[in-house]
Amino acid sequence: MSRTSTTSPATPGLLKLVVVGGGSTYTPELIDGFARLRDSLPIGELVLVDPAADRLELVGGLARRIFAKQGHPGTITTSTDLDASVQGADAVLLQLRVGGQAARNQDETWPLECGCIGQETTGAGGLAKALRTVPVVLDIAERVRGANPDAWIVDFTNPVGIVTRALQTAGHRAVGLCNVAIGFQRRFASLLGVVPERIRLDHVGLNHLTWERGVHLLDEPGGGTGRDVLPELLERFGPEIAADLELPLSLVQQLGTVPSYYLRYFYEHDRVVEELRVKGSRASEVAAIERQLLEMYGDPELDEKPELLAKRGGAFYSEAAVNLVASLLGTGSPAGAVQVVNVPNDGTLPFLPDDAVIEVPATVDRGGATPLPVPAVEPLYAGLIAHVTAYEQLALDAALRGGRDRVFQALLAHPLVGQIDLADGLTDRLIAHNHEHLAWA
């Protein structure tokens, strides 16, 4: 099924973008960014693709109204036909959740039975999501390549690091994107009372395993290196920053860095497990929010993203996506604009394999993303980065080739598992809860 917008037709020479997973409740955040930042990314046609036709029409209707309200001339179409939709696409954005919130709820619950973190991207739950997701994403990417081998693929689908490595290993023109770095940039800019474009981060690590080792305040947006104001931030705003991370202020002060909030799963694993056993899953919260959002999206009078969407997550995703796609297609930022993305290591971190995917600042242009040089990484961080990279390599092998032994080895290698009995129990639970999504099971 497909539906064409009633707005004015796409103008020749403008861009065609496709969002796979366009029925997501995230999508209006993306649409709002496309509408507001249309000078950077001149879209003639935007196609939202999703197998869930009922959700797709609700989201598509709101998307058209957002475009109309903000005077965007592009057309928005919705479709369940991926192959037809990607014909002629300049860029394809992936924002999938294989198995939906029901699968996420399982990722967040059954690991707790073994005393391990239940989380959708970290630990055993993250492995389950990778096993479900990688084959689906690779199938989509092959179909995109068949339709237009020059199209860029931007992956926002978690676990971004593993999925992006799968895409790049298969030779696809793909870059991974996460909103953690832009979230920190916006937060630090707000604390300092400056525009976000004056903040550049010394951001290093893997997707969902990163540290801000420097926060550089540029003299002007897009200017030179600037001065490192991280010590000032920690001195003036340490309690607020630590509270955002849900980590002890004493740890943040001792490290002198700002860890990603995902590091709490490593630094306070057992405490978080006990909290999650009482608190319940984030998936159940999100499912309730999504039901409310979809009801709101069906209101023909709604023509902007609702405030409730902020509770869904993905803050600043639209700005990050627009900046990245505009640079890759050469329509927005100056050539070589610096953005934090997921890219092949290629020697940037010498203690990792070249084909590992890291999350660091990179210059982005039509040729892709090139990592900037990274100062030597301290052993405290390098050790964990190397450990999780080894797990990700085994996780990707399990996703590509299947088999209980490969799943077990990936879990045994994970720093949050690492014990035979735990890996055995988690392996059996993972396969049992994901049987319908694993062709080999």
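Remember, it's a predicted structure, so these values are computed and weren't measured experimentally.

**Student:** Would you mind going over the pairing of strand S9 (residues 209-217) in detail, with residue names and values included?
**Tutor:** Buried residues dominate S9, accounting for nine of its nine residues. The antiparallel pairing of strand S8 (residues 199-206) with S9 creates a hairpin that spans two residues between the two strands, and histidine 208 there sits at a positive phi of about 65°. Bridge count for S9 against strand S11 (residues 258-259) is two bridges, and the pairing is antiparallel. Bridge pairing in S11 places glutamate 212 opposite valine 258.

**Student:** Describe the pattern of salt bridges, naming the residues involved and giving the relevant values.
**Tutor:** Summed over the entire model, instances satisfying the criterion amount to 32 salt bridges. In this structure, arginine 55 engages glutamate 290 in a salt bridge whose closest nitrogen and oxygen atoms are separated by 3.8 Å. Of this pair, arginine 55 sits in helix H2 (residues 53-69) while glutamate 290 sits in helix H12 (residues 282-297), and the two are 235 residues apart along the sequence. Between aspartate 303 and lysine 69 there is a salt bridge whose closest N-O contact spans 3.5 Å. Taken together, the positions of aspartate 303 in the loop between H12 and helix H13 (317-329) and lysine 69 in helix H2 put the pair 234 residues apart, joining distant regions of the chain. According to the relative accessible area criterion, aspartate 303 is partly exposed, its value standing at 27%. A relative accessible area of 48% means that lysine 69 is categorised as partly exposed. Residues joined by salt bridges that share partners form a network here, namely Glu29, Asp32, Arg36, Lys305 and Glu319.

**Student:** Lay out the side chain of threonine 25 in plain terms, naming residues and giving numbers.
**Tutor:** The residue threonine 25 is located in the loop between strand S2 (15-20) and helix H1 (27-36) in this model. Given a relative accessible area of 0%, threonine 25 falls into the buried group. Engagement of the side chain of threonine 25 in a polar contact is seen with the side chain of glutamate 290, the distance being 3.1 Å. Excluding anything up to four places from it in sequence, threonine 25 contacts Arg55, Glu290, Leu293, Leu294, Tyr297, Leu309 and Arg312.

**Student:** Explain the packing of aromatic side chains residue by residue, including any values.
**Tutor:** By the definition in use, this model includes seven aromatic pairs. Residues tyrosine 26 and tyrosine 317 carry aromatic rings whose centres are separated by 6.3 Å and whose planes lie at 70° to one another, so their mutual orientation is edge-to-face. Here tyrosine 317 lies in helix H13 and tyrosine 26 lies in the loop between S2 and H1, a separation of 291 residues in the sequence. One exposure class covers both tyrosine 26 and tyrosine 317, and it is buried. Judged by centre distance (5.0 Å) and plane angle (35°), the rings of tyrosine 261 and tyrosine 262 are tilted.

**Student:** Give me the lowdown on empty space enclosed by the protein, citing residues and values where you can.
**Tutor:** Tallying each qualifying case throughout the model produces one cavity of 30 Å³ or more. Its volume calculated, the largest cavity comes out at about 150 Å³. Classifying every residue of the lining of the largest cavity by side-chain character gives seven nonpolar, eight polar and one charged.

**Student:** Residues and numbers for helix H4 (residues 100-107), please.
**Tutor:** Within H4, the full set of buried residues consists of Gln101, Ala103, Arg104 and Asp107. Buried residues along H4 cover an arc of 155° about the axis, so they all sit on one side. Of the surrounding elements, those touching the buried residues of H4 are helix H5 (123-147) and H12.

**Student:** So what's going on with the nonpolar core? Which residues, and what values?
**Tutor:** Among the nonpolar cores identified, the biggest contains 146 residues, and Leu17, Phe34, Leu46 and Leu93 are the most heavily contacted of them. Of all the elements, H5 adds the most residues to this core, at 11 residues. Apart from residues lying up to four places away in sequence, phenylalanine 34 is in contact with Leu17, Leu41, Ile43, Leu46, Phe67, His72, Leu93 and Val322.

Quick notes on the rules
Residues numbered from 1 in each chain as written. Predicted model: local features only at pLDDT ≥ 70, side-chain atom pairs only at ≥ 80, totals over all residues. Heavy atoms only, no water. Buried < 20%, exposed > 50% of the residue type's maximum accessible area, 1.4 Å probe, protein only. Helix = DSSP H or I, 4+ residues; strand = E, 2+ residues; numbered from the N terminus. Pairing = 2+ DSSP bridges. Salt bridge = Lys/Arg side-chain N within 4 Å of Asp/Glu carboxyl O. Polar contact = N/O pair within 3.5 Å; in protein donor to acceptor, adjacent residues only side chain to side chain. Contact = heavy atoms within 4.5 Å. Phe/Tyr/Trp six-rings, centres within 6.5 Å; stacked < 30°, edge-to-face > 60°. 1 Å grid on protein atoms, 1.4 Å probe; cavity = no way out; pocket = protein on both sides within 12 Å on 5 of 7 lines; lining within 4 Å. Points joined across faces, edges and corners; volume = space filled by probe spheres on them. Nonpolar A, V, L, I, M, F, W, Y, C, P; charged D, E, K, R; others polar. Arc of directions from axis to C-beta. Core = buried A, V, L, I, M, F, W, Y, C linked by side-chain atoms within 4.5 Å.

Everything listed here is a matter of geometry and, on its own, says nothing about what the molecule does.
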